[in-house]
Amino acid sequence: MVEPLISVVIPTLDRQELAEGAIKNVLDQSYDNLEVIVVEDGSSTELDKFIKGLGNEKVIYASHETNRGLGSSRNTGMSLSKGDTSPFWMMTIGGLKIN
């Protein structure tokens, strides 16, 4: 039986350290058939360099030149998604929570 592809969309705005942690957490899961879509919403970080440095084709990076808001970032992530299901990871000041 083929496991369904899970797309995890991580919208972020100027929180590189938290985004890096979220990406690592997703990639460390025992479930293997997944993709991680990171959408920076007008951020001024170097998250793209971190993602390129991972060299992992499961991680997809997209960015908005200006801040468009959470809904737009989610929509961008969903438009890039190839998965059968897509949980969203929300960044909070205290860490991560599944929304």
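My aim in this report is to walk through the structure given alongside it, one point at a time. (Residues numbered from 1 in each chain as written. Predicted model: local features only at pLDDT ≥ 70, side-chain atom pairs only at ≥ 80, totals over all residues. Heavy atoms only, no water.)

## Digging into the overall build of the protein chain
Part 1 of the argument: A tally of helices and strands in the protein chain yields 3 helices and 5 strands.
Part 2 of the argument: When the helices and strands of the protein chain are listed from N to C terminus, the series reads β-α-β-α-β-α-β-β.
Part 3 of the argument: Looking at the protein chain residue by residue over its 99 residues, the buried ones come to 38%.
Part 4 of the argument: Expressed as a percentage of contacts within the protein chain between residues at least 6 apart in sequence, the contacts between residues at least 24 apart total 70%.
Part 5 of the argument: Working note: accessible area of the protein chain is about 5,800 Å², and carbon and sulfur atoms make up 48% of it. (Helix = DSSP H or I, 4+ residues; strand = E, 2+ residues; numbered from the N terminus. Buried < 20%, exposed > 50% of the residue type's maximum accessible area, 1.4 Å probe, protein only. Contact = heavy atoms within 4.5 Å. Areas by Shrake-Rupley, 256 points an atom, 1.4 Å probe, with all protein chains shown as cover.)

## Quick notes on the sheet that holds strand E3 (residues 59-64)
Part 1 of the argument: Strand order in the open sheet formed by 3 strands is E1-E2-E3, and the pairing between neighbours is parallel. Two strands bound the open sheet, and with one partner strand each, they are strand E1 (6-12) and E3. The mean inter-strand angle of the sheet, taken between neighbouring strand axes irrespective of direction, is 20 degrees.
Part 2 of the argument: Strand direction decides the pairing type here: strand E2 (residues 34-41) and E3, joined by 6 bridges, are parallel. The partner of Glu 40 across the bridge, within E3, is Ser 63. (Pairing = 2+ DSSP bridges. Axes fitted to C-alpha atoms, helices over the stretch in contact; angles between N-to-C directions.)

## Quick notes on the side chain of Ser 73
Part 1 of the argument: With respect to the secondary-structure elements, Ser 73 resides in helix H3 (residues 70-80).
Part 2 of the argument: The buried category is assigned to Ser 73, whose relative accessible area is 1%.
Part 3 of the argument: Those residues in contact with Ser 73 that sit more than four places away from it in its chain are Pro 11, Val 39, Asp 41 and His 64.

## Overview of the nonpolar core
Looking at soluble globular proteins, one finds that nonpolar side chains tend to be buried together.
Part 1 of the argument: Core analysis: the largest hydrophobic core is formed by 14 residues, its most contacted members being Ile 10, Ile 23, Val 36, Val 38, Leu 47 and Ile 51.
Part 2 of the argument: Contributing elements (two or more residues each) for this core: E1, helix H1 (16-27), E2 and helix H2 (47-54).
Part 3 of the argument: No other element matches the 4 residues that H1 contributes to this core. (Core = buried A, V, L, I, M, F, W, Y, C linked by side-chain atoms within 4.5 Å.)

## Overview of H2
Part 1 of the argument: Along H2, the positions that sit buried rather than exposed are Leu 47, Phe 50 and Ile 51. Seen end-on, H2 carries its buried residues on one side only, within an arc spanning 95 degrees. Those residues of H2 that are exposed and aimed more than 90 degrees away from the buried face are Lys 49, Lys 52 and Gly 53.
Part 2 of the argument: Packed against the buried residues of H2 are E1, H1, E2 and E3.
Part 3 of the argument: Two residues or fewer after H2 comes Gly 55, characterised by a positive phi angle close to 60 degrees. (Arc of directions from axis to C-beta.)

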